[in-house]
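# Understanding the architecture of this molecule
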Amino acid sequence: MPNIKSQIKRDKTNLKAKAYNDSVENGIRTAVKKVEAAAKEGKKEEAVALLASANKLIDEGVSKGSINKNAASRKKSHLAKLVNSL
């Protein structure tokens, strides 16, 4: 437990940031799974629509600093390949 006032405040902000980052990453994970499921079932139109929403969530995560830009690029590339192969 920190004794220094500034560190106590910093711990609070770190907890808030972690909660936000976790929710963003969870949303991205869910969107990726939806795209993969649609692709597995062979539903191209649905997969394309879900891909657009997944890309938007990934880009928002990058702009807010919740996800690394290279990881985001890797995820987007993986999903695009998957959908284009249908």
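Just so you know, these numbers come straight off a predicted model, no measurement behind them.

Quick look at helix H3 (residues 69-84) now. When the terminal C-alpha atoms of H3 are compared, their 22 Å separation across 16 residues agrees well with the 22 Å that a helix rising 1.5 Å per residue should span. Within the sequence span of H3, burial applies to Ala71, Ala72, Leu79 and Val83. Taken around the axis of H3, the buried residues stretch over an arc of 100°, which confines them to a single face. In this structure, H3 carries Lys69, Asn70, Arg74, Lys81 and Asn84 as exposed residues pointing more than 90 degrees from its buried face. Those residues of H3 that are buried lie in contact with helix H1 (5-41) and helix H2 (44-64). Its side-chain oxygen 2.8 Å from the backbone nitrogen of asparagine 70, asparagine 68 forms the N-cap of H3.

This part covers the side chain of serine 66. As for its placement among the helices and strands, serine 66 is situated in the loop between H2 and H3. A distance of 2.7 Å separates a polar atom in the side chain of serine 66 from a polar atom in the side chain of asparagine 21. Ignoring sequence-local partners within four residues, the contact set of serine 66 consists of Tyr20, Asn21, Val24, Glu25 and Gly61.

The next point concerns the packing of H2 against H3. One can describe the packing of H2 onto H3 by two numbers: an axis separation of 10 Å at closest approach and a directional angle of 175°. By the angle between their axes, H2 is roughly antiparallel relative to H3. Here Lys44, Ala47, Val48, Leu51, Ala54, Asn55, Ile58, Asp59 and Val62 of H2 lie close against H3, whose contacting residues are Lys69, Ala72, Lys75, Lys76, Leu79, Ala80, Val83 and Asn84. Of the residues that constitute the contact of H2 with H3, the class distribution is 10 nonpolar, 2 polar and 5 charged.

Let us look at the packing of H1 against H2. Between H1 and H2, the least distance of the axes is 9 Å, while the angle of their chain directions is 160°. Looking at the two axes, H1 sits roughly antiparallel to H2. At the point where H1 passes H2, the crossing takes the left-handed sense. Note on element contacts: H2 touches H1 through Glu46, Ala47, Leu50, Leu51, Ala54, Leu57, Ile58, Gly61 and Lys64, opposite Tyr20, Val24, Gly27, Ile28, Ala31, Lys34, Val35, Ala38 and Ala39. Of the residues belonging to the contact of H1 with H2, the class tally is 13 nonpolar, 2 polar and 3 charged.

A few words now on H2. Given 3.6 residues per helical turn, the α-helix brings residues three or four places apart onto the same face. When the terminal C-alpha atoms of H2 are compared, their 30 Å separation across 21 residues agrees well with the 30 Å that a helix rising 1.5 Å per residue should span. Those residues of H2 lying buried are Ala47, Leu51, Ala54, Asn55, Ile58 and Gly61. Buried positions in H2, seen along its axis, are confined to an arc of 125° and lie on one side of it. Those residues of H2 that are exposed and aimed more than 90 degrees away from the buried face are Glu45, Ala49, Lys56, Ser63 and Lys64. Positive phi shows up at glycine 65, right after H2, with a value of about 85°.

About the cut-offs
- Residues numbered from 1 in each chain as written.
- Predicted model: local features only at pLDDT ≥ 70, side-chain atom pairs only at ≥ 80, totals over all residues.
- Heavy atoms only, no water.
- Helix = DSSP H or I, 4+ residues; strand = E, 2+ residues; numbered from the N terminus.
- Expected span 1.5 Å × (residues − 1).
- Buried < 20%, exposed > 50% of the residue type's maximum accessible area, 1.4 Å probe, protein only.
- Arc of directions from axis to C-beta.
- Contact = heavy atoms within 4.5 Å.
- Polar contact = N/O pair within 3.5 Å; in protein donor to acceptor, adjacent residues only side chain to side chain.
- Axes fitted to C-alpha atoms, helices over the stretch in contact; angles between N-to-C directions.
- Parallel < 35°, antiparallel > 145°, perpendicular 65-115°, else oblique.
- Nonpolar A, V, L, I, M, F, W, Y, C, P; charged D, E, K, R; others polar.
- Left-handed = near helix turned anticlockwise from the far one by under 90°.

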